[in-house]
Amino acid sequence: MKFYKLIIAAVLVNSFHSCDYLDVPPINIMQDEAIFKSESGIKSYLTTLYYDLPIEDFRFSQQGFNVTGKGQGRLPNVCGEAMCHTTDDISSIGDGTWWGCWDYGKIRRINYFITEFPKYSDNFSQEFAEAWLGEAYFMRAYCYFAMVKRYGGVPYLKEPQKYTSDFESLKVPRDSEKTCYDNIAKDLDEAIWRLPDNETLLGKGRVTKYAALALKSRAMLYAGSIARYGNVDKDGLVGIPAEYANDYFELAYEAVKEIEKDNKFSLYRKNADKEKNFAELFLAEDSPENIFVKYFQRNVNAHGWDVYFIPYQYRGVGFSSNMNPPLEFVEMFEHKDGTPANFEARAANTYFDDPSELFQDMDARFGGSIIYPNAVFKGEPCSIQKGLIIEDGSKIENAVNYEDAVYTANDGTQYHIVGKSGCGNYSGNMTGFFIRKYLNEDMPTSEVLEGYSEQHWIDMRYAEVLLNGIEAAVELQKYLDDALRWINDIRDRADVKLLTEGELTIEKVRHERRIELAFENHTYWDLRRWRIADKEIEAKQYNGLCPYFDINQQKYVFEKNPANKYYYTFDVKMYYERIPDSEIAKNNLLIQNPYYN
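Quick summary incoming for the structure in this document.

### Description of the overall build of the protein
Reasoning step 1: A count of helical and extended segments in the protein gives 19 helices and 12 strands.
Reasoning step 2: In terms of its C-alpha atoms, the protein occupies a principal-axis envelope of roughly 85 × 50 × 50 Å.
Reasoning step 3: Here the protein, with 597 residues, has 62% of them falling under the buried criterion.
Reasoning step 4: For the protein, the proportion of contacts with a sequence separation of at least 24, taken over those separated by at least 6, is 72%.
Reasoning step 5: Summing over all exposed atoms, the protein offers an accessible surface of approximately 22,400 Å²; the carbon and sulfur share of this is 47%.

### Regarding the pattern of salt bridges
Reasoning step 1: Applying the stated criterion across every chain, the model contains 56 salt bridges.
Reasoning step 2: In this structure, the salt-bridge partner of E190 is R194, at a minimum N-O distance of 2.3 Å. Placement of the pair is E190 and R194 together in helix α6 (residues 177–194), with a separation of 4 residues, close to one helical turn.
Reasoning step 3: Among the ionic contacts, a cluster of salt bridges with common partners joins E289, E334, D363, R365, K437, R461, R491, R493, K508, E512, E516 and E520.

### Re α6
Reasoning step 1: With 18 residues, α6 extends 26 Å between its outermost C-alpha atoms, agreeing within 8% with the 26 Å of an ideal straight helix rising 1.5 Å per residue.
Reasoning step 2: Where α6 is concerned, the buried positions are E177, C180, Y181, N183, I184, A185, D187, L188, A191, I192 and R194.
Reasoning step 3: Summarising the contacts, the buried residues of α6 are in contact with α5 (126–151), α7 (209–229) and α8 (245–261).

### Brief notes about unusual backbone geometry
Reasoning step 1: C423 follows G422 through a cis peptide bond whose omega is 15 degrees.
Reasoning step 2: Position of C423 among the secondary structure elements: in the loop between β8 (414–416) and β9 (434–435).
Reasoning step 3: Look at K234: it is not a glycine, yet its phi comes out positive at around 55 degrees.
Reasoning step 4: Structurally, K234 is set in the loop between α7 and α8.
Reasoning step 5: Phi is positive for N299, which is not a glycine, with a value near 70 degrees.

### Considering the environment of G451
Reasoning step 1: Position of G451 relative to the elements: it lies in the loop between β9 and β10 (457–461).
Reasoning step 2: The spatial distance from the C-alpha of G451 to the C-alpha of W305 is 8.8 Å, given a sequence separation of 146 residues.
Reasoning step 3: If we skip the residues at most four places from it in the chain, G451 touches R298, A302, H303 and G304.

### A look at the sheet that holds strand β6 (residues 395–397)
Reasoning step 1: With respect to topology, 4 strands assemble into an open sheet ordered β6-β5-β11-β12, the strand pairing being mixed. In the strand order of this sheet, the two ends are held by β6 and β12 (555–562), each with one partner. Going from strand to strand, the sheet's axes swing by 30 degrees on average, the running direction of each strand aside.
Reasoning step 2: Of the strand pairs in this sheet, strand β5 (residues 387–389) and β6 are connected by 3 bridges, and their pairing is antiparallel. Looking at the pairing, L388 lines up with I396 of β6.

### Some points on the pairing of β10
Reasoning step 1: Among the 5 residues in β10, 5 count as buried, and that is most of the element.
Reasoning step 2: Summarising the sheet, strand β1 (residues 290–294) and β10 pair through 4 bridges and their orientation is antiparallel. Each bridged residue has a counterpart across the sheet, and for V293 the counterpart in β10 is I458.

### Examining the packing of aromatic side chains
Aromatic ring pairs are defined here through the distance separating the ring centres and the angle between the ring planes.
Reasoning step 1: What the rule picks out here adds up to 57 aromatic pairs.
Reasoning step 2: Consider the rings of F58 and W305, whose centres lie 5.2 Å apart with planes at 65 degrees: the pair is edge-to-face. Of this pair, F58 sits in the loop between α3 (39–52) and α4 (104–116) while W305 is found in helix α10 (residues 305–309), placing the two residues 247 residues apart along the sequence. You'll find F58 and W305 in the same group, each marked buried.
Reasoning step 3: Plain terms: the ring middles of Y415 and F549 are 5.9 Å apart, the flat faces sit at 35 degrees to each other, and that makes the pair tilted. With Y415 in strand β8 and F549 in strand β11 (residues 543–550), the pair connects residues that are 134 residues apart, well separated along the chain.
Reasoning step 4: With relative accessibility at 12%, the residue F549 sits in the buried group.
Reasoning step 5: Three or more aromatic residues joined by ring pairs form one cluster here, namely F58, F278, F282, F296, W305, Y308, F309, F319, Y438 and W457.
Reasoning step 6: Residue placement shows R315 over the ring face of Y312; its charged tip is 3.7 Å from the ring centre.
Reasoning step 7: Across the ring face of Y229, the terminal group of R510 is positioned such that the distance to the ring centre comes to 5.0 Å.

Procedures and definitions
Residues numbered from 1 in each chain as written. Predicted model: local features only at pLDDT ≥ 70, side-chain atom pairs only at ≥ 80, totals over all residues. Heavy atoms only, no water. Helix = DSSP H or I, 4+ residues; strand = E, 2+ residues; numbered from the N terminus. Buried < 20%, exposed > 50% of the residue type's maximum accessible area, 1.4 Å probe, protein only. Contact = heavy atoms within 4.5 Å. Areas by Shrake-Rupley, 256 points an atom, 1.4 Å probe, with all protein chains shown as cover. Salt bridge = Lys/Arg side-chain N within 4 Å of Asp/Glu carboxyl O. Expected span 1.5 Å × (residues − 1). Pairing = 2+ DSSP bridges. Axes fitted to C-alpha atoms, helices over the stretch in contact; angles between N-to-C directions. Phe/Tyr/Trp six-rings, centres within 6.5 Å; stacked < 30°, edge-to-face > 60°. Lys NZ or Arg CZ within 6 Å of the ring centre and 35° of its normal.

What follows is the structure, given as structure tokens:
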């Protein structure tokens, strides 16, 4: 099976540059026949479109898509999943401009393919011609969904605008948010019947009909939530009338059922150790859970997930510790018996021989997603300790490093003040926890560098699809047998107590989603579409739970501390991003979103 690398050929970069008004000027200086009459030309064109897809992967940050470097802020940093490095933390969670994606250059290139390629399709087999068009329809839906989930209604252009000196004729108003979601559904339906059901025809990393169905389940779930929990404003440019909520939830559920009935995907269950199994599923290229994956290759498009997020003691040359889950998030996980974690309460006034004792018998997703004090990673315990409690009961902490920060007790015994991975400014960790998801334990320390990480990004996986269906069914209060079966499949994989139908509430479903999909760039958007972000994140200060070693007891004790000095608030205006002022200046038919004027 061929793997077409998702990189931009230099000739295409030069040929398809656009100044984006909305999607004009002329598309290219390359003859159409050179593109559309050869298989290589078509693949090069589509490869460019794949590269430009607004996938929120390892290289997505506050600075944009496909960014090299750690980025100042990432989506987990603005939804309570993780804090940044102690010396590089963010003081707010945004102002409605951080996650912009207003890009009609991409839309134009896709529309150009959809309108022009059919003129040349007779040169190819019907199977290939339809599949290539299916890819284009998928990508148009993907790009518009990225815009609509940010801005609400946008101009939904389906044809490339023709270059003209009459710029007034090129100005297009926004479509309603409902119209946009309806068009996304239509584009995905066009993709579904055209695309193959496996990667054999188009190649590894290219979409299949199941990717289109998965995206439909995601987008329609979003639309249903906006209708149910949002408000209509600006004459429908933002918001969807509430009476359409169930229609969208039904479409989301149907898409999930369509994927399930073909029995091509299942949850990853290749390791009997369920904690290791969950960690491995994000690295396994042969996972039966993967539906649409973005691949990375060293010297081509590799990323730096390991160098930026690995705990300090395992670092190579460069950064570490830039994703530190706070206490509030890690306590969302459950014990195997379904009882709450309650780490803070259970640690109060309790001494431990080993700090990892506090975190035993947990949902497998906890250890598969989180590195906690003394959790084994890369074959050795992750040494997390904030300080010492010495003979007189006082604390010593905030050491400059592990090696030199030593305390000599009255009896002459020497103790390291802090752990090899913190907590402390030198290590960057301020919460007592690190992210584990997607870290490559087999990566040699010498290769923990920017541009060396090659693990793929799973943009769509079967567990998310099931969660989309579960949520849709519970919102509908229909198909609850399916919803219960799906959620218990997910929980069984995590080795956590199964639910009864009576426990299948919308709150429980949302909680399950947050645990399963943590750090996969879903939670921020989920909190927005549920319209609870302003309630959950209001003057919110996050905390850590860090162990100290008490030399009198010769045991560890935990203490809760603020993770940083900042208080975070989600402003209601951020339920929609601000349309760039530069776009409104070019097009006076565009109406700005609520609360930005």
